[in-house]
Amino acid sequence: MNIIDTLIARIEEYRATNKQPCKNYATKEAAEKALDAASKRAGEYFDSDKQPARYVVFFVPAWNRWVGALDYSEMFRRKTCMGGYVGAITGFFTY
């Protein structure tokens, strides 16, 4: 399964009813910077060892914009996961 194709499909489906389904950026660098910061915040919030969340940054051709998503599945499987409010880090797609 190609997670990026799956995420783009989810974003496009959600965009049909929501003009701004997630944070998006004009450049890859801006998206990387935002996702790096968000992954660190997620690590501080969810992980007792404060390990950042994994993430992907990808281009959505229909928008001509860069988007990122946080890998909560991997983070919540960690032995060091403390749980918490899933919506604590908002604006980004998760998988």
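For the structure itself, look to the data block above.
For every chain, the first residue of its written sequence is number 1, and the numbers climb from 1 along that sequence. Totals for whole chains, interfaces and linings use all residues, but because this is a predicted model, local features are given only for residues with pLDDT of at least 70 and pairs of side-chain atoms are given and counted only at 80 or more. For the side-chain quantities, the full set of heavy atoms in the structure was used; hydrogens and water were omitted.

Draft legend 1. Here's a closer look at the pairing of strand β2 (residues 65–70). Using a 1.4 Å probe on the protein chains alone, a residue whose accessible area is under 20% of its type maximum counts as buried, one over 50% counts as exposed, and one in between counts as partly exposed. Secondary structure elements follow DSSP: runs of H or I no shorter than four residues count as helices, runs of E no shorter than two count as strands, and numbering proceeds from the N terminus. With 5 of its 6 residues buried, β2 lies for the most part within the structure. Bridge count between strand β1 (residues 55–60) and β2: 6 bridges; the pairing is antiparallel. Directly across from Phe59, in β2, lies its bridge partner Trp66. In sequence, β1 turns back onto β2 through a hairpin of 4 residues, with Asn64 there showing a positive phi of about 60°. At least two bridges found by DSSP between two strands is the condition for calling them paired. Across 2 bridges, the pairing between β2 and strand β3 (residues 93–94) is parallel. From the neighbouring strand, Ala69 faces β3, where its bridge partner is Phe93.

Draft legend 2. Broad picture of the packing of aromatic side chains. Each aromatic pair joins two rings of Phe, Tyr and Trp (for Trp, the six-membered one) with centres within 6.5 Å, and gets the label stacked for planes under 30 degrees apart, edge-to-face for over 60, and tilted for any other angle. All told, the structure shown has 6 aromatic pairs when counted by the stated rule. Plain terms: the ring middles of Tyr45 and Phe46 are 4.8 Å apart, the flat faces sit at 90° to each other, and that makes the pair edge-to-face. Clustering of aromatic rings is evident, with ring pairs tying together Tyr45, Phe46, Tyr72 and Phe76.

Draft legend 3. Geometry of the side chain of Asp71. Tracing the sequence through the fold places Asp71 in the loop between β2 and α3 (72–77). Judged by relative accessible area, Asp71 falls into the buried class, the value being 4%. Counting of polar contacts relies on pairs of N or O atoms within 3.5 Å, with two restrictions inside protein: one atom must be capable of donating a hydrogen and the other of accepting it, and residues adjacent in sequence are counted only when both atoms are side-chain atoms. A distance of 3.3 Å separates the side chain of Asp71 from the backbone nitrogen of Ser73, its partner in a polar contact. When checking whether two residues touch, look at their non-hydrogen atoms; a contact exists if any pair is within 4.5 Å. Look past the residues within four positions of Asp71 in its chain and what remains in contact with it is Arg54, Tyr55 and Tyr95.

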